[in-house]
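Listed below are the residues making up each chain.
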Amino acid sequence: MTWKAKKPEVTAELDWQQRWQAALRRIEQAGYGQDVHNAYKVAGPVLWRRVGPAAAVDLAGSISHVAIRSGRRAAALLSASAAEAAELLTKPKEFVSWLEMVEFAAKKSPACVPLLLERTSRLLRVLDCAAFIAYVRMGLSIAHADLQRGRAFFALASREGLTWLDRGDAVSLADRRPGLNAYLAALWGLNPPLVEVPADAPEHLRRRAGFGGGGIRLPASFAGFSADDQKDLYRATLAHIGAHYCFTRAAFPASGLQPLQIALTSLIEDARVERQAFAVMPGLRRLLGRFHVARADGMPTAIALMARLSRALIDEHYADPHGWVDKGRRLFEEAVAHDIADQQLSRRIGGILGNDIGQMRLQFDARSYVVQPAYRDDNLGLWDFGDEADQPPFEMDAVVGGAVMNRQEGEDGRSEQDSQTRQSAGRIRQSSGDEGLVSARYPEYDHMSGHFRPAWCTVREICTGIGSPAAIAVLRDTRSDLVERLSALMRSVSISRQERVKRQPDGEYLDVDAAIAAMVSRRAGEIPDTRVYGRYERRSRDISVLLMIDVSRSTNDPIRGTATSVLEVERLAASFMARAMESLGDPFAVAAFCSNTREDIRYNRIKDFDQPFDEDCIGRLAGLKGDFSTRLGPVIRHGGQELRRRSSYRRLLLIVTDGEPSDIDVDDKAYLVEDARTAVQELKRDGMDVFCVTLESVAASAAERIFGRKWSMAISSPDELPQRLPQVYLRLRS
């Protein structure tokens, strides 16, 4: 390089050095303390080398920003954290984004910044830049509502924080779940609920999948694996657990067995069901086999030998010189060659190999043992622990407990297993009779981060009081003429599957049976029946409706231009619709809802599907009072769980509200709107219809944003229902 070409670069470098020295003096003279100055003096050259001279100089401005808002300690931590971030982030642009997010955190929640900086290295080793930004935004949102909970989040001392860290890659389990459900159904014809292992579960349970009680638990991520491997691991896990569902026909009694014998019996059973699965689907061997990476070297510890045996039982080309591994392979091959369906071979071989481990004086620590390879489950579902089963190892057992895996086919072609297993989804406990409540937890979508907050909202089912006799009489007797018109209009719209109507004089297709009969009659010399066609018609009604009424405080507002409150019109509209559906015989349920923060979302059953709309139901409807707020997303999900139990051809969730989600613990208006919109999309993906009737109150309405223009309508009076409600039914029929 010539001098003329090099000279500008040297000049520029000297200029940056001068600016760096000036920034260093400015930090020294700012009065932040010697620790801040020393930390910047060390970190500056590191940034110079890794990111560039501009980053080293600009860091001084960020230090001043953080020192003023979060204190000297945070300012000193910033320099060290910046050096770590510069090493872990691959692009200078990502480093700039990281620094901007730290400044943003100092502005929004100064007390949380030291906690964030102390864990920067740990976070960036798991999260990429985009996930880190989403993590900080969620933490700031939590800290805004509850500083202590926000501090626990940034300190990774809470379930919320650990969930994010475990998630690792940008694709969450919630994002993967629809695809995994379809994969499991396509592979094994199974559709149990897939739930995420709680972040506060014991470490060894968080790292492996599990099954039991009709559901499958999946880890939030498989730590240490790439994004592509994670995708294959989830698939391999479901393939393996599906094999257990199909080929492990009874749980092994655990009574009297040592932990090592249980682990080895589980290992042999894993290999046995996989071998049966390979016979049906040979391609699974390639998917599962790539995760068996144990090698015949290193110290022959008990856990290492077990991993080597696992590989030996699936990889016929794997050679292992250890006698114990060879004996295990030989016993297994002889047993499966005799009768691979004999589940007890796993128990016999596991017992023999366990005794051999004991003879070799090899130690086995059950507390630190994690099943290998990563796609295999924790084996808890293979064992009957007797009385110990009354003490589930962690809360997730309650989530999936109670579901039954009896696969039956309903008349409508839907799997009844679906409805049974889904009943357990979201349910976490049934309280005592004194409380009379059933509660459930649901995730909530954060539109800022683009992720779900798992198990974020608690729905409590409550009882309401009975209204006055006068109010009951109004709802029971008023406007019978309007109810009759409404009933007639709804009856005129048939909502059902198309049925074949045979033996018609004309139609859409040739009725082969009728045509053959006509030909036989003709050849027999008789007068043939010329009705040899068929057509498709909707003759019956097959619809289930869940009517949900918003009873938040805003429903006490008057209808625009009148003195009548939204709640009064809601009660009347619900009464008219319920009376009309009752006369038609359509299965329907009625519920009301409101919320008082995410921990107290109230769901009030007015009428269940299997109840008549009698005096008690009308009394509960008349007793509704407007209070608290409207957190729409969780109640939509809760209503969706109710509808999933129905086997009707069409399932309609009909919401009557003032159309404006809100709650006292949420400042961002778009947050609840976007969550409700996501909940509606979830139900529609599952084949349900969601429609909203908004009352034209003085409050603003977000109904079109949440439900869509075609799936919402505004009315100002129950008198409008006969004209407007058929629009809903016509859309259902289409």
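Worth saying up front: this structure is predicted, and the values here are computed from it rather than measured. Position numbers for residues count from 1 along each chain, tracking the sequence in the order it is written. The predicted nature of this model means local features are confined to residues of pLDDT at least 70 and side-chain atom pairs, given and counted, to a pLDDT of 80 or more, with totals for whole chains, interfaces and linings taken over all residues. Excluding hydrogens and water, the side-chain figures rest on all heavy atoms present in the structure.

1. Quick look at the overall build of the chain
Logical step 1: Helix numbering and strand numbering both begin at the N terminus, where a helix is a DSSP run of H or I of at least 4 residues and a strand a DSSP run of E of at least 2. Counting secondary structure elements, the chain contains 29 helices and 17 strands.
Logical step 2: Long-range contacts, defined here as pairs at least 24 residues apart, represent 69% of the contacts in the chain between residues at least 6 apart.
Logical step 3: The protein chains shown are the only cover counted for residues, whose accessible areas, like all others here, come from Shrake-Rupley with a 1.4 Å probe. Looking at the chain as shown, the accessible area adds up to about 33,500 Å², and 50% of this sits on carbon and sulfur atoms. Between two residues, a contact is recorded if the distance between any of their heavy atoms is within 4.5 Å.

2. A few points about helix 9 (residues 147-154)
In an α-helix, one turn spans 3.6 residues, which is why side chains three or four residues apart end up on the same side.
Logical step 1: Accessibility here uses a 1.4 Å probe with only protein chains present; expressed as a share of the type maximum, an area under 20% marks a residue as buried, one over 50% as exposed, and anything in between as partly exposed. Taken residue by residue, helix 9 has Gly150, Phe153 and Phe154 as its buried positions. Down the axis of helix 9, the buried side of the element spans an arc of 90°, and every buried residue falls inside it.
Logical step 2: One or two steps after helix 9, the chain reaches Leu156, where phi turns positive at roughly 55°. Relevant arc is that of directions from the helix axis to the C-beta atoms, nothing else.

3. Things to note about the pairing of strand 3 (residues 215-218)
Logical step 1: The side-chain alternation of strand 3 yields two buried faces, one formed by Gly215 and Arg217 and the other by Ile216 and Leu218.
Logical step 2: Pairing between strands requires that DSSP locate at least two bridges from one strand to the other. Where strand 2 (residues 210-212) meets strand 3, 3 bridges bridge the pair, whose relative direction is antiparallel. Opposite Gly210, over in strand 3, you have Arg217 as the bridge partner.

4. Structural notes on unusual backbone geometry
Logical step 1: Between Gln372 and Pro373 the backbone carries a cis peptide bond, its omega angle lying at -5°.
Logical step 2: Its place among the elements puts Pro373 in the loop between helix 18 (344-359) and strand 5 (383-384).
Logical step 3: Phi at Asn379 takes a positive value of approximately 70°, unusual for a residue other than glycine.
Logical step 4: Along the chain, the position of Asn379 falls in the loop between helix 18 and strand 5.
Logical step 5: Note on Asn379: relative accessible area 6%, which makes it buried.
Logical step 6: One non-glycine residue, Arg503, lies in positive phi territory at about 55°.
Logical step 7: Here Arg503 is to be found in strand 9 (residues 499-504).

5. Re helix 17 (residues 323-339)
Logical step 1: To estimate how far a helix should extend, the number of its residues minus one is multiplied by 1.5 Å. Over its 17 residues, helix 17 runs 24 Å from end to end, which matches the ideal 24 Å to within 8%, given 1.5 Å per residue.
Logical step 2: Residues of helix 17 that are buried in the fold lie against helix 14 (259-280), helix 16 (302-314) and helix 18.

6. A look at the sheet that holds strand 3
Logical step 1: Judged by pairing direction, the sheet is mixed, and its 3 strands sit side by side in the order 1-3-2 without closing on themselves. Two strands close off the open sheet at either side, each with one partner strand: strand 1 (194-196) and strand 2. Taking the axes of each pair of neighbouring strands and ignoring which way they run, one obtains an average angle of 25° across the sheet.
Logical step 2: Of the strand pairs in this sheet, strand 1 and strand 3 are connected by 3 bridges, and their pairing is parallel. Looking at strand 3, one finds that Glu196 is bridged to Leu218. Note on method: axes are straight lines fitted to C-alpha atoms, helices fitted across the in-contact stretch only, with angles between N-to-C directions ranging 0 to 180 degrees.

7. Let's talk about the packing of aromatic side chains
Logical step 1: By convention, a stacked pair of Phe, Tyr or Trp rings (six-membered ring in the case of Trp) has centres within 6.5 Å and planes under 30 degrees apart, an edge-to-face pair has planes over 60 apart, and any other such pair is tilted. One pass over the structure, following the stated rule, counts 11 aromatic pairs.
Logical step 2: Between Phe211 and Tyr245 the ring centres are 5.5 Å apart and the planes differ by 50°, which places this aromatic pair in the tilted class. Of this pair, Phe211 sits in strand 2 while Tyr245 sits in helix 13 (residues 227-247), and the two are 34 residues apart along the sequence.
Logical step 3: The structure contains a cluster of three or more aromatic residues connected by ring pairs, namely Tyr135, Phe153 and Phe154.
Logical step 4: Over the face of the ring belonging to Phe104 we find Arg137, whose NZ or CZ atom lies 5.3 Å from the ring centre.
Logical step 5: For a lysine, the NZ atom is tested; for an arginine, the CZ atom; a charge sits over a ring if that atom is within 6 Å of the ring centre and within 35 degrees of the ring normal. The aromatic ring of Phe588 is capped on one face by Lys607, whose charged end is 4.1 Å from the ring centroid.

8. Notes on the environment of Leu187
Logical step 1: For Leu187, the location among the structural elements is in helix 11 (residues 173-188).
Logical step 2: In this structure the C-alpha to C-alpha distance between Leu187 and Leu238, which are 51 residues apart in sequence, comes to 8.9 Å.
Logical step 3: Once you skip the residues sitting within four places of it in the chain, Leu187 turns out to touch Ala239, Met281 and Leu284.

9. Quick look at the pattern of salt bridges
Opposite charge on two side chains permits pairing when their charged atoms draw close.
Logical step 1: Any Lys or Arg side-chain nitrogen found within 4 Å of a carboxyl oxygen on Asp or Glu counts as a salt bridge. Under the defined criterion, the tally for this structure stands at 34 salt bridges.
Logical step 2: Its salt-bridge partner being Arg119, residue Glu118 comes within 3.1 Å of it at the nearest N-O pair.
Logical step 3: Residue classification places Glu118 among the partly exposed positions, given a relative accessible area of 35%.
Logical step 4: Close ionic contact of Arg476 with Glu615 constitutes a salt bridge, the shortest N to O distance being 2.5 Å. Of this pair, Arg476 sits in helix 21 (residues 469-477) while Glu615 sits in helix 25 (residues 615-622), and the two are 139 residues apart along the sequence.
Logical step 5: Since its relative accessible area comes to 33%, Arg476 is described here as partly exposed.
Logical step 6: Take Glu615: its relative accessible area is 39%, and that puts it in the partly exposed class.
Logical step 7: Put simply, Glu461, Arg605, Asp608, Glu642 and Arg645 are held in one network by salt bridges that share partners.

10. Here we look at the confidence of the model for the chain
Logical step 1: A residue's pLDDT is simply how confident the predictor is in it, with values from 0 to 100. The share of residues in the chain with pLDDT of 70 or more is 84%, and the mean pLDDT across the chain is 80.
Logical step 2: Helix 19 (residues 396-400) is the least confidently modelled element of the chain, averaging 36 in pLDDT, while strand 13 (residues 588-595) averages 93, the highest of any element.
Logical step 3: Within the model, the stretch residues 1-6 combines pLDDT values under 50 with 2 contacts to residues more than four positions away or in other chains.
Logical step 4: Note that pLDDT drops below 50 for residues 388-436; the model gives that stretch 100 contacts with residues more than four away or on any other chain.

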